[in-house]
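# Overview (structure and organization)
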Amino acid sequence: MSHANISIFVPHRGCPNDCSFCNQRAISGQTVPATPIDVEKAVMTAMEYNIDPKKTEIAFFGGSFTAIEREYMCSLLTAAKHFLDAHNFAGIRVSTRPDCIDNDVLEILKKYGVTAIELGAQSMDDEVLSVNRRGHTAEDVRKASKLIKSYGFELGLQMMTGLYKSDFQKDLQTASEIAKLKPGTVRIYPTVVLKNTHLGKLFEKGEYLAPTAEESVPLCAELLQMFENEGIKVIKLGLHSSETVESDMLGGGYHPAFRELCEGHIYLQKMLKKLGGKDKTCTYLIYVRNKDLSKAKGQQKRNEKALKNQGFSCIIKGKENLERFQIEVDVE
Ligand code: SF4
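Reading guide: rules and limits
Residues numbered from 1 in each chain as written. Predicted model: local features only at pLDDT ≥ 70, side-chain atom pairs only at ≥ 80, totals over all residues. Near = placed C-beta within 6 Å. Nonpolar A, V, L, I, M, F, W, Y, C, P; charged D, E, K, R; others polar. Axes fitted to C-alpha atoms, helices over the stretch in contact; angles between N-to-C directions. Helix = DSSP H or I, 4+ residues; strand = E, 2+ residues; numbered from the N terminus. Parallel < 35°, antiparallel > 145°, perpendicular 65-115°, else oblique. Left-handed = near helix turned anticlockwise from the far one by under 90°. Contact = placed C-beta atoms within 7 Å. Pairing = 2+ DSSP bridges. Core = buried A, V, L, I, M, F, W, Y, C linked by C-beta atoms within 7 Å. Buried ≥ 20, exposed ≤ 12 C-beta atoms within 10 Å, placed from the backbone. Domains from an automatic or database assignment.

The immediate surroundings of the ligand are formed by 11 residues, with Cys15, Asn17, Cys19, Cys22 and Gly63 found nearest. Broken down by class, the residue content of the shell around the ligand amounts to 3 nonpolar, 6 polar and 2 charged.

With that out of the way, let us pick up the packing of helix 7 (residues 168-180) against helix 9 (residues 213-229). The interhelical angle for the contact between helix 7 and helix 9, taken along N-to-C directions, is 20°, at an axis separation of 11 Å. The orientation of helix 7 relative to helix 9 falls into the category roughly parallel. Note on packing geometry: the crossing formed by helix 7 with helix 9 is right-handed. Here Phe168, Asp171, Ala175 and Ala179 of helix 7 come into contact with helix 9, specifically with Leu219, Leu223, Met226 and Phe227.

What follows covers the sheet that holds strand 5 (residues 154-161). Taken in spatial order, the 7 strands make up an open sheet running 1-2-3-4-5-6-8, and their pairing is parallel. Of all strands in the sheet, those bounded by a partner on one side alone are strand 1 (4-9) and strand 8 (233-237). The mean inter-strand angle of the sheet, taken between neighbouring strand axes irrespective of direction, is 25°. Alignment of strand 5 against strand 6 (residues 185-190), held across 6 bridges, turns out to be parallel. Pairing of Met160 across the sheet is with Tyr189, part of strand 6. In the packing of helix 2 (residues 36-48) onto the sheet, contacts are made with strand 1 and strand 2 (56-61), and the angle to strand 1 comes to roughly 155°. Relative to the sheet, helix 9 contacts strand 5, strand 6 and strand 8, its axis offset from that of strand 6 by approximately 170°.

Generally speaking, a soluble globular protein has its nonpolar side chains buried in company with each other. By size, the foremost hydrophobic cluster in this structure holds 92 residues, and its most contacted members are Ile8, Ala80, Ile117, Cys220 and Cys262. Here this core spans two domains, since at least three of its residues come from each of domain 1 (4-256) and domain 2 (276-331). Residue contacts for Ala80: discarding those within four places in its chain leaves Val39, Ile58 and Ile92.

Another aspect to go through is the environment of Glu118. Locating Glu118 in the fold gives a position in strand 4 (residues 114-122). Separated by 27 residues in the primary sequence, Glu118 and Ser145 place their C-alpha atoms 9.2 Å from one another.

Partitioning the chain into structural domains gives domain 1 (4-256) and domain 2 (276-331). Computed over C-alpha atoms only, the centres of domain 1 and domain 2 are separated by 35 Å.

Here it is as structure tokens:
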């Protein structure tokens, strides 16, 4: 059984900020803050589905967990810790802002059995952070990351692509700065423009052209490979699908299967590289690992069509004992 999270959303509550892209109520799909009873219900419900607690974390996402009122934060942690102690859950995961981390709060999180802390870094470019009203700097991300690691927590960093005033190079640079902080995990979110946000207003006035999902694929595919080459797990690529996001979205990079699009893009680039300079009158058999066959063919067979458009006649097949993104080519 693979690793799982029981996710509990703590929307916007306690967050001192109003980031350009944020409409937490829309993102989490709920308006009422979670209570300790909700934590209990969420865990009990998950346990009915025969999860393996040892491979499951209880995760508080959505707002800025360490910025919520201390008493409320501790009440949620108490409810989660009960399950940690009684059923051996793998740990507790929280997400927060880089400027809401200090020794005091880390001591508290340690005491309640928190194992992983994710920081919304979003960009490592101070101008991009400023115009997107993040209220913190890249240096805050560096400092908080080091402090979190010094306490022995697993560090997670989240970044966004295509933010207002960012571009391909700045996003690549952000990823490279993030990789230097050696997080255990990374989440990459192409910016999605939601109603009732600052970005939404800029978008409607035509002052911000948010990259679409299709436009974000080449960059995000590159970031995925870059992090994986550094041994950093990319645990999320693209905003999770929810009806509220779909109905509140004005534009930007949302696709319900965004990761698959990026992985398909990587396969296409690798196939084209292997085929480069080969005789276009032959038919080629392209082998990929079995479980990636549909990704290699691409959504709605887009990769097969792209190869054909480049003049190549190819049959893509699955094969045992190949690695992720490994490709073998034979003439039929
Ligand atoms: S810090 Fe997080 S919760 Fe707060 S406004 Fe920004 S994105 Fe939203």
